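Geometric and topological summary
The residues making up each chain are set out below.
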Amino acid sequence: MWSSLLCRRGHDMVKRSGMKGRVEGMDEKNTDYSAKKRVLLEQGLISRQALELIIELETELDFLSKQNESFRKALRAKSAQSPRMATKLRDALYE
């Protein structure tokens, strides 16, 4: 249930942001999840199994965020190497 909820939330954030640059609010969301986890732990509302799952999901989220940033840097570097042609110029040349 948690993973499907997180996947849906992540998909909605990506969809809303249009994937231009970084996903808006991603770092803030990660911090927000940690704060919510801390509050629930302090109140004793998280079982041991749930805590293990949350920690595993946080680890995966951190890994995927770093991997995503790495891919973005590589893509930016690759696209900076190739010369670009203005759309109007390209369309005129192909006519």
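In every chain, residue numbers begin from 1 and rise along the written sequence. pLDDT decides what is reported in this predicted model: residues at 70 or higher carry local features, side-chain atom pairs at 80 or more are listed and counted, and totals for whole chains, interfaces and linings draw on all residues regardless. Only heavy atoms go into the side-chain values, all of them from the structure, while hydrogens and water stay out.

Digging into the overall build of the chain
Under the convention used in this document: Labels follow the DSSP assignment, with helices taken as runs of H or I lasting at least four residues and strands as runs of E lasting at least two, numbered in each case from the N terminus. Burial classes: relative accessible area under 20% of the type maximum marks a residue as buried, over 50% as exposed, and values in between as partly exposed (1.4 Å probe, protein chains only). Two residues form a contact once any of their heavy atoms are found within 4.5 Å. Each accessible area is a Shrake-Rupley result for a 1.4 Å probe, and residues are judged covered by the shown protein chains and nothing else.
For the chain, the count of helices and strands is four helices and zero strands. Taking all 95 residues of the chain together, the buried fraction comes to 9%. Across the chain, contacts joining residues at least 24 apart in sequence account for 50% of those joining residues at least 6 apart. Summed over its atoms, the accessible surface of the chain is roughly 8200 Å², and 58% of this surface lies on carbon and sulfur atoms.

Examining the pattern of salt bridges
We count it as follows: Only one rule defines a salt bridge in this text: a Lys or Arg side-chain nitrogen within 4 Å of an Asp or Glu carboxyl oxygen.
One pass over the structure, following the stated rule, counts five salt bridges. Between K37 and E58 there is a salt bridge, with the nearest N and O atoms lying 3.0 Å from each other. Here E58 lies in helix 3 (residues 48–81) and K37 lies in helix 2 (residues 26–43), a separation of 21 residues in the sequence. With relative accessibility at 18%, the residue K37 sits in the buried group. E58 sits in the buried class, given a relative accessible area of 17%. Between R76 and E69 there is a salt bridge; the shortest N-O distance is 3.6 Å.

A few points about the confidence of the model for the chain
Our working rule: The score called pLDDT rates the predictor's confidence residue by residue, from a low of 0 to a high of 100.
Of all residues in the chain, 68% attain a pLDDT of 70 or more, and the chain-wide mean is 75. The secondary structure element of the chain with the lowest average pLDDT is helix 1 (residues 2–17), at 41, and the one with the highest is helix 3, at 92. Scored below 50 in pLDDT, residues 1–22 makes 18 contacts in the model with residues more than four places away or belonging to other chains.

Concerning helix 3
The criterion, for reference: The span you would expect from a helix comes to 1.5 Å times its residue count less one.
A rise of 1.5 Å per residue sets the reference length of helix 3, with its 34 residues, at 50 Å; its end C-alpha atoms lie 50 Å apart and thus fit the reference within 8%. Residues of helix 3 that are buried include every one of I54, E58, E69 and R72, and no others.

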